[in-house]
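# Structural overview for review
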Amino acid sequence: MKRIDEVPDDASSLWLCPGDLLIQRANALEHVGATAIFDGPVKTFIYPDLMMRVRFDDPRLTRLMWYRLNSKSTRQYFRENATGTAGNMPKISGKTLKNMVVAIPPAEMWDAVLAFLENAFARADRMEAEAAHARALIDRLEAALLARAFRGELVPQDPADEPASALLARIRATRAAAPKARRGRKAKENA
């Protein structure tokens, strides 16, 4: 978000309206063509030169186009048709957008298609949340398992085994009795 000191005229075409489809015209290659639907207040924001705005009469068509423009194949199309070199920001043009072929279902099917898409994405979001929860549980399980292992609680203990404290004391004594290795330049030259 950037602030400007000038306020456009109320009749300006730059004002964003709820439901406007915004397309990232210029950005890093992986973000070129990213699309969002504006849902902010009327006559509060304008869209910048690095974005394109598309306005449809029917909000269902806006949502259908949002799904299509954010699809893997369309994002690939935008990346392949972006102009610019590695030294500057890749861009897509209005012409690139207009040349894109989009299959639109008949209007009487829009509600059913949107319901299907929204259901599928809601299911995917739930699965992603469940996977994140499972990863968190696995991390906690791993930590608990390691803690139990270090306490010796994973297998039955042999009463004849010496305690860990005795083993550690023996290791310290062995290290203390061992000759110290020489450090520094002379030690390396003599080696």
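Described in the following lines is the structure provided in the data block. (Residues numbered from 1 in each chain as written. Predicted model: local features only at pLDDT ≥ 70, side-chain atom pairs only at ≥ 80, totals over all residues. Heavy atoms only, no water.)

### A short note on the sheet that holds strand β3 (residues 51–54)
Taken in spatial order, the three strands make up an open sheet running β2-β1-β3, and their pairing is antiparallel. The open sheet terminates on both sides in strands that have one partner only, identified here as β2 (35–37) and β3. Taking each pair of neighbouring strands and ignoring which way they run, the sheet shows an average axis angle of 25°. Across four bridges, the pairing between strand β1 (residues 21–24) and β3 is antiparallel. Of the residues in β3, the one forming a bridge with isoleucine 23 is methionine 52. Running over the sheet, helix α1 (residues 59–69) touches β1 and β2 and is turned about 160° from β2. (Pairing = 2+ DSSP bridges. Helix = DSSP H or I, 4+ residues; strand = E, 2+ residues; numbered from the N terminus. Axes fitted to C-alpha atoms, helices over the stretch in contact; angles between N-to-C directions. Contact = heavy atoms within 4.5 Å.)

### Regarding the nonpolar core
With 17 residues, the main nonpolar core has Ile23, Leu69, Phe78, Ile92, Leu97 and Met100 as its most contacted residues. Within the residue set of this core, elements represented by two or more residues are β1, α1, α2 (72–81) and α4 (110–150). Among the elements that line this core, the one with the most residues is α1, at five residues. Filtering out sequence-adjacent residues up to four positions away, isoleucine 92 remains in contact with Ile23, Gln24, Arg25, Val32, Gly33, Met52, Phe78 and Ala82. (Core = buried A, V, L, I, M, F, W, Y, C linked by side-chain atoms within 4.5 Å. Buried < 20%, exposed > 50% of the residue type's maximum accessible area, 1.4 Å probe, protein only.)

### Remarks on the pairing of β1
Remember that side chains alternate between the two faces of the sheet whenever the strand is regular. Where burial is concerned, the two faces of β1 agree: the one with Leu21 and Ile23 and the one with Leu22 and Gln24 are both buried. With three bridges joining them, β1 and β2 adopt antiparallel strand pairing. Residue isoleucine 23 lies in a different strand from β2, and its bridge partner there is threonine 35.

### Focus on the packing of α1 against α4
Between α1 and α4, the shortest axis-to-axis distance is 10 Å and the interhelical angle comes to 45°. Put simply, α1 runs oblique to α4. Where α1 crosses over α4, the handedness of that crossing is left-handed. Across the interface between the two elements, Arg60, Leu61, Arg63, Leu64 and Tyr67 of α1 pack against Trp110, Asp111, Val113, Leu114, Leu117, Glu118 and Phe121 of α4. Here the contact of α1 with α4 is built from residues that sort into eight nonpolar, no polar and four charged. (Parallel < 35°, antiparallel > 145°, perpendicular 65-115°, else oblique. Left-handed = near helix turned anticlockwise from the far one by under 90°. Nonpolar A, V, L, I, M, F, W, Y, C, P; charged D, E, K, R; others polar.)

### Section: the environment of tryptophan 110
Turning to its location among the elements, tryptophan 110 is positioned in helix α4. Between the alpha carbons of tryptophan 110 and alanine 82 there is a distance of 30 Å; along the sequence they are 28 residues apart. Not counting chain neighbours up to four residues away, the residues in contact with tryptophan 110 comprise Asp58, Arg60, Leu61, Leu64, Ile104 and Pro105.

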